[in-house]
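As a plain string of letters, each chain reads:
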Amino acid sequence: MLEILDSRKAQIHRTGAAPFDMQCEKQSLAGSVSQRACVFCGSRVVLYPIADAVHLVHGPVGCAAYTWDIRGALSSGPELHRMSFTTDLGEKDVIFGGEKKLYRALLELIDAYKPKAAFVYSTCIVGIIGDDVNAICKRVSAERGIPVLQVESEGFKGSKKDGYRAACETLFKIVGTGPTEGISPRSINILGDFNLAGETWMIRKYYERMGVEVVATITGDGRIDAIRRAHGAALNVVQCSGSMIHLAKMMEERYGIPTLRVSYFGVEDMSRSLYEVAEHFQDAAMLDLARKMVAEEVTTLLPELRRYREALQGKRAAIYTGGAFKAFSLVRSLRTLGMKTVVAGSQTGNRDDYQLLRELCDEGTILVDDTNPIELSKFVEEQRVDLIIGGVKERPIAYKLGIGFCDHNHERKEALAGFEGMLNFAREVYSSVMSPVWKLVPRRQRAIAVPSPQVGEGRDQGKEPFADRQLADQLSAPGHHVVVVPHEGIGATECEPPSTMQPN
Amino acid sequence: MATDTITSFTATRNACKVCAPLGACLAFQGVEGAISLLHGSQGCSTYIRRYMISHFKEPVDIASSSFSESTAIFGGKENLRLALANVMRQYQPAFIGIATTCLAETIGEDVAGFIRDFRKENWDPPLPALAMVSTPSYSGTHAEGFHATVRAIVDSLAEGGPRQETINLMPGIISPADFRYLKEICADFGVRPILVPDYSDTLDGPAWQEYHRIPPGGTPLDEIRATGRSLATIEFGATCNRQTSAGALLESRFGVPRHALGMPIGVCATDRFFETLEAITGRRTPEKHQAERGRLIDCFVDAHKYVFDKRAIVYGEQDLVVGLAGLLAEVGMLPVMCASGASTGRLRDAILEDNPDLGSRVTALEAVDFAGIEERAVGMRPDLVIGSSKGYPLARRAGIPLIRVGFPIHDRIGGPRVVHLGYRGAQQLFDRIANGLIESQQEASKVGYAYM
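Residues numbered from 1 in each chain as written. Chains lettered and ligands numbered in written order. Predicted model: local features only at pLDDT ≥ 70, side-chain atom pairs only at ≥ 80, totals over all residues.

1. Quick word on the overall build of chain B
Across its full length, chain B carries 17 helices and 15 strands. A compact globule built from 452 residues would reach a C-alpha radius of gyration of about 22 Å, and chain B, at 22 Å, matches this within 12%. Summarising its shape, the C-alpha atoms of chain B cover approximately 75 × 55 × 50 Å along the three principal directions. Within chain B, the proportion of its 452 residues that are buried is 60%. Within chain B, contacts between residues separated by at least 24 positions form 74% of all contacts whose residues are at least 6 apart in sequence. (Helix = DSSP H or I, 4+ residues; strand = E, 2+ residues; numbered from the N terminus. Rg over C-alpha atoms; globule rule 2.2 N^0.38 Å. Buried ≥ 20, exposed ≤ 12 C-beta atoms within 10 Å, placed from the backbone. Contact = placed C-beta atoms within 7 Å.)

This is the structure we're talking about:
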């Protein structure tokens, strides 16, 4: 019997039941094994992909060791971000202070690795031992002529989200320090994509094909000089809004750059991300290019998705992500694959996020904020899920219970964004959900013996060609120039009005 | 003889160690019905979980007292109390292992005092067995954290009394497969071992019928209590502090005779382990193990030419490195560099103690990081690298094979199933080392023979 800790009850909601009064954005409960990390983790994950900066973790060895080269963030040039630098404070440093060590460490690293900037992450004990990190940063910056910036990421000073904020504050000090001459009025910054498995490259190419100049990618394949010029862009396109919206807001206030929130996961959200940028620039030619590109991509993609969709129809999924925004896209992407989301949650969602998630999900879906392994395992058992989407810490829960798993975290090495990413996503979900190994797993053997109710539902849904009605509705909603038309029994997404192409 | 240290860089670049609280959690994981609770920020427990899960591919739940800003200012006693209450409600543990973090230690938390106070209070349900260990990450590495925790576990539970026919085995950081093999060896000697810890089932278990709050397995509390009554203690580890070990505690407090050995890796070191078992039990090494030894030596002979004079870089926990160096030396390989992020001051001496012939041909590096290892390797002409998966980047750049051993193995399946110890472990390691060398020669060959 699952016992939910009293203080956690308000962070769980079943859609369709009771009035919506979900709590979130709380400090993790002591003793509840939260899947969250800390402020430092939030900052580290955001700044990590900046590849031409030294990232120096000021503190004892753990924080740096656990974050050494663990993320799939690729760089097209320098790879300094894959190094783990730490002042590795020892007992004496804790007693006498770590400033001298920090100073020496910075000078040596800057001289040896010639970075364009250095970030100094404060860990838990730095403030407590009284190191004036800012003063050291200023001194080194003056001596070496590059930005040397403190990231105020002491682990206990809030949650992972506060770490995002601290990273944004640091980035904002770099923005605005470079020249903006020659930047096109049709230009954007890509915020909140981390170039996992080259996703930023993919997205960048889509925008460039539409005739949009990409000034800075923050922080996927990030470069200091590009971030310096980011204030010259005409628009900030922000994904993973939890982590980067603060930077976008500050840029909006100081530089008047408008913000567009997007997601690159799934066919719908990816297409919308391109259309909305074209709409923002009110450029008919650009919109036309976007339509053509979407049409091209989607017509290749959809027939390939068909095989997966047929197999996955009616399967049930649980989603647990870092930010809630990704969860929205995943609910839609799963729907594209004929799957149903029955548990959804995030580490850092806010009230509005959960409200939207509630509207997006079917009745009976369990929504959770900052959950823990015991809750999660019970919810996935109760909801009889076939798939969990999450990160490293959720994976063993899935596998122990004989449930398929899709890694959608920063560690992954598979591109899941964009149109190509959707196919990878489908393939990954398919290869886990449909694996024959589950037939051998004890819990699933028991489940197979009792016919599960959702099988029938799945078949019924399958009668409609490509055919998730909701998907079709969304894609053809006014303002979104996409329609879904049947195509070889699965359907194709076309631009509207397709001047050069006619639907079959 | 002094150990060489690298001092050229102030910063640690790609650490060849992790922090002490991880060692604590790993040790606590080997107690039946236990859950670890880290007194500090949320991130410590989450990072350590992720690091352990990525190696063991098993659920690892580690609770946190989740410090906030006010906790750091006013102290964490109430957070710890709440954390204990919540952990008890959710996990119903038989044992809670509490380890401190750098934050708790730096603000001067008296966790032992808190626990004394908690024990005086009325808890409903009553408090389970508790052990507390001080593991600030600014002091020592995960290996020191592990050993300190084994001692803390024994310290909190061991009881005296009439002698019983068991032997205590404190093997240090080894794989779940090593634990199973040690149990098999003891069973073959007809003696019941009490392993502290024993995470063979908790960190390498089968698929489940239903979710377990705490994975089944681990050494039962009653057995740990009985360590004070065992015939003897055998502890492995050539560099760990033998004055402060769990075996030392059992010896001084309960008079349990202690046999301190290096990790039994390779024939010579394993012989000493079997001789010790023979001495304690009064039985000869069972035929099965003599045969295993015989096959191992036969295999050394079969492959000796492929490995002779080959040069290896070995890194990791010092006790493991010393053991591996012994295996390499006995087959005629040169552990040209033996490196560790830890600094016990004993690495070089421990290697030379068993293998004096190696002398100046071995560079022993303490307090070194992976960047330092790579820089020092220039000019050493290594043929292979032996250690955790964290050495893969340097092996790749050097174009030589990496034989993955120890912890963590984050880039392969099967880390928990690697056997390092005993004749069987030496056999597996030797096969992989010889084949690694043969394969790199084969791949470099223009001809590509399928016959050797």
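2. Description of the overall build of chain A
Scanning chain A for helices and strands turns up 20 helices and 16 strands. Counting across all 504 residues of chain A, residues that qualify as buried make up 60%. In chain A, of all internal contacts separated by at least 6 residues, the share reaching a separation of at least 24 is 72%.

3. Examining the domain arrangement of chain A
Residue and element names in this part refer to chain A. The domains assigned to chain A are domain 1 (39–173), domain 2 (187–261) and domain 3 (296–477). Counting residues at the interface gives twelve residues for domain 2 and 14 residues for domain 3. Mapped by element, the contributors of at least two residues to the side of domain 2 that touches domain 3 are helix H8 (199–209) and helix H10 (241–255). Looking at which element gives the most residues to the side of domain 2 that touches domain 3, the answer is H8, with four residues. Of the residues assigned to the side of domain 2 that touches domain 3, the class counts are seven nonpolar, four polar and one charged. (Domains from an automatic or database assignment. Nonpolar A, V, L, I, M, F, W, Y, C, P; charged D, E, K, R; others polar.)

4. Brief notes about the nonpolar core
Leu56(A), Val120(A), Ile188(A) and Ile373(B) are the most contacted members of the largest nonpolar core, which totals 305 residues. The element best represented in this core is helix H12 (residues 284–312) of chain A, accounting for ten residues. Excluding residues within four positions of it along the chain, Val120(A) makes contact with Leu56(A), His58(A), Leu102(A), Val133(A), Cys137(A), Val148(A), Leu149(A), Gln150(A) and Val151(A). (Core = buried A, V, L, I, M, F, W, Y, C linked by C-beta atoms within 7 Å.)

5. Some points on the interface of chain A and chain B
Taken together, the contact between chain A and chain B spans 61 residues of the former and 56 residues of the latter. Two strands pair when backbone bridges link them, and strand E3 (residues 85–86) of chain A and strand E2 (residues 12–13) of chain B are joined in this way by two bridges, in the antiparallel orientation. Bridge pairing links Phe85(A) to Arg13(B) in E2(B). (Pairing = 2+ DSSP bridges.)

6. Let's talk about the confidence of the model for chain B
Residue and element names in this part refer to chain B. Of the residues in chain B, 98% reach a pLDDT of 70 or more, and the chain-wide mean stands at 96. Contacts for the low-pLDDT stretch residues 1–7, under 50 throughout, to residues beyond four places or in other chains number 16 contacts. Model confidence for the complex is summarised by a pTM of 0.92, with the ipTM given as 0.96. (pLDDT = per-residue confidence, 0-100.)

7. A word on the pairing of strand E10 (residues 258–261) of chain B
Residues and elements named next belong to chain B. Taken together, the four bridges between strand E9 (residues 232–236) and E10 define a ladder with parallel strand orientation. Its bridge partner lying in E10, Thr 233 is registered against Arg 258. Handedness of the crossover is the feature at issue here: the chain leaves E9, passes through helix H10 (residues 246–254), returns alongside E10, and the resulting connection is right-handed. (Right-handed = clockwise from strand over helix to strand, strands pointing away.)

8. Observations concerning the pairing of strand E12 (residues 334–339) of chain B
All names here are of chain B. When you tally the buried positions in E12, you get five out of six residues, the bulk of the element. Sheet topology note: the strand E11 (residues 311–315)/E12 ladder contains four bridges and is parallel. Along E12, the bridge assignment pairs Tyr 315 with Ala 339. The handedness of the E11 to E12 crossover, carried by helix H13 (residues 318–330), is right-handed. Relative to strand E13 (residues 363–366), E12 runs parallel, the two sharing three bridges. Bridge assignment links Met 337 to a residue of E13, and that residue is Thr 363.

9. Digging into the environment of Thr67(A)
Residue and element names in this part refer to chain A. Along the chain, Thr 67 turns up in the loop between helix H2 (61–65) and E3. For the pair formed by Thr 67 and Arg 165, sequence separation is 98 residues and the distance between their alpha carbons is 19 Å. Not counting residues up to four positions away in its chain, the partners in contact with Thr 67 are Arg 44 and Ser 84.

10. Digging into the domain arrangement of chain B
Residue and element names in this part refer to chain B. For chain B, the assigned domains are domain 1 (20–140), domain 2 (166–281) and domain 3 (287–444). Its C-alpha centre places domain 1 at a distance of 35 Å from the equivalent point of domain 3. Taken together, the contacts link four residues of domain 1 with six residues of domain 3. Looking at the side of domain 1 that touches domain 3 residue by residue, the class counts come to two nonpolar, two polar and no charged.

11. A word on unusual backbone geometry
Cis geometry marks the peptide bond from Ile218(A) to Thr219(A), where omega comes out at 10°. One can find Thr219(A) in the loop between strand E7 (213–218) and helix H9 (224–228). With omega at 0°, the peptide bond leading from Phe407(B) into Pro408(B) counts as cis. Tracing the backbone shows Pro408(B) in the loop between strand E15 (402–404) and helix H17 (422–444). In this model, Ala197(A) sits at a positive phi of 50°, which is unusual for a non-glycine residue. One can find Ala197(A) in the loop between strand E6 (187–191) and H8. Backbone geometry places Arg384(A), a non-glycine residue, at a positive phi of 50°. Structurally, Arg384(A) can be placed in the loop between helix H15 (373–382) and strand E13 (387–390).

12. Comments concerning H10(B)
Residue and element names in this part refer to chain B. Among the residues of H10, Ala 246, Gly 247, Leu 249 and Leu 250 are the ones counted as buried. Each buried residue of H10 sits inside an arc of 160° when the element is viewed along its axis, so together they form one side. As for H10, its buried residues are in contact with helix H7 (142–157), strand E7 (166–170), E9 and E10. (Arc of directions from axis to C-beta.)

13. Notes on the sheet that holds strand E11 (residues 340–346) of chain A
Residues and elements named next belong to chain A. With mixed pairing, the six strands of this open sheet are ordered in space as E1-E12-E11-E10-E13-E14. Only two strands of the sheet have a single neighbouring strand rather than two, namely strand E1 (12–14) and strand E14 (404–407). For this sheet, the mean angle separating the axes of adjacent strands, direction not counted, is 15°. In terms of strand pairing, E13 meets E14 through four bridges, oriented parallel. Across the sheet, the residue bridging to Ile 388 is Phe 405, located in E14. On the sheet, helix H17 (residues 418–433) packs against E13 and E14 and is oriented at approximately 155° with respect to E14. (Axes fitted to C-alpha atoms, helices over the stretch in contact; angles between N-to-C directions.)

14. Concerning the sheet that holds E7(B)
Residues and elements named next belong to chain B. Ordered in space as E8-E7-E9-E10, the four strands form an open sheet in which the pairing is parallel. Edge positions in the open sheet fall to strand E8 (192–195) and E10, since each of these has one partner strand only. Each strand of the sheet is rotated relative to its neighbour by a mean of 25°, with strand direction disregarded.

15. Quick look at the confidence of the model for chain A
Scored by pLDDT, chain A comes out at a mean of 87, with 87% of its residues at no less than 70. Of the regions scoring below 50 in pLDDT, residues 451–504 of chain A engages in 89 contacts with residues more than four places distant in sequence or in other chains.

16. Remarks on helix H7 (residues 160–174) of chain A
Under the 1.5 Å per step criterion, the end-to-end length of H7(A) is 22 Å for 15 residues, consistent within 8% with the ideal 21 Å. Inspection of H7(A) places Lys160(A), Lys161(A), Asp162(A), Gly163(A), Tyr164(A), Arg165(A), Ala166(A), Ala167(A), Cys168(A), Thr170(A), Leu171(A) and Ile174(A) among the buried residues, and these make up the whole buried set. (Expected span 1.5 Å × (residues − 1).)

17. Some thoughts on the environment of Arg229(A)
All names here are of chain A. Structurally, Arg 229 is set in the loop between H9 and strand E8 (235–238). Under the C-beta neighbour-count criterion, Arg 229 is labelled buried, with 23 such atoms within 10 Å. Taking the C-alpha atoms as reference points, Arg 229 and Asn 189, 40 residues apart in sequence, are found 9.8 Å from one another. Ignoring any residue separated from it by four or fewer positions in sequence, one finds Arg 229 in contact with Gly 178, Pro 179, Thr 180, Ile 183, Val 215 and Ala 216.

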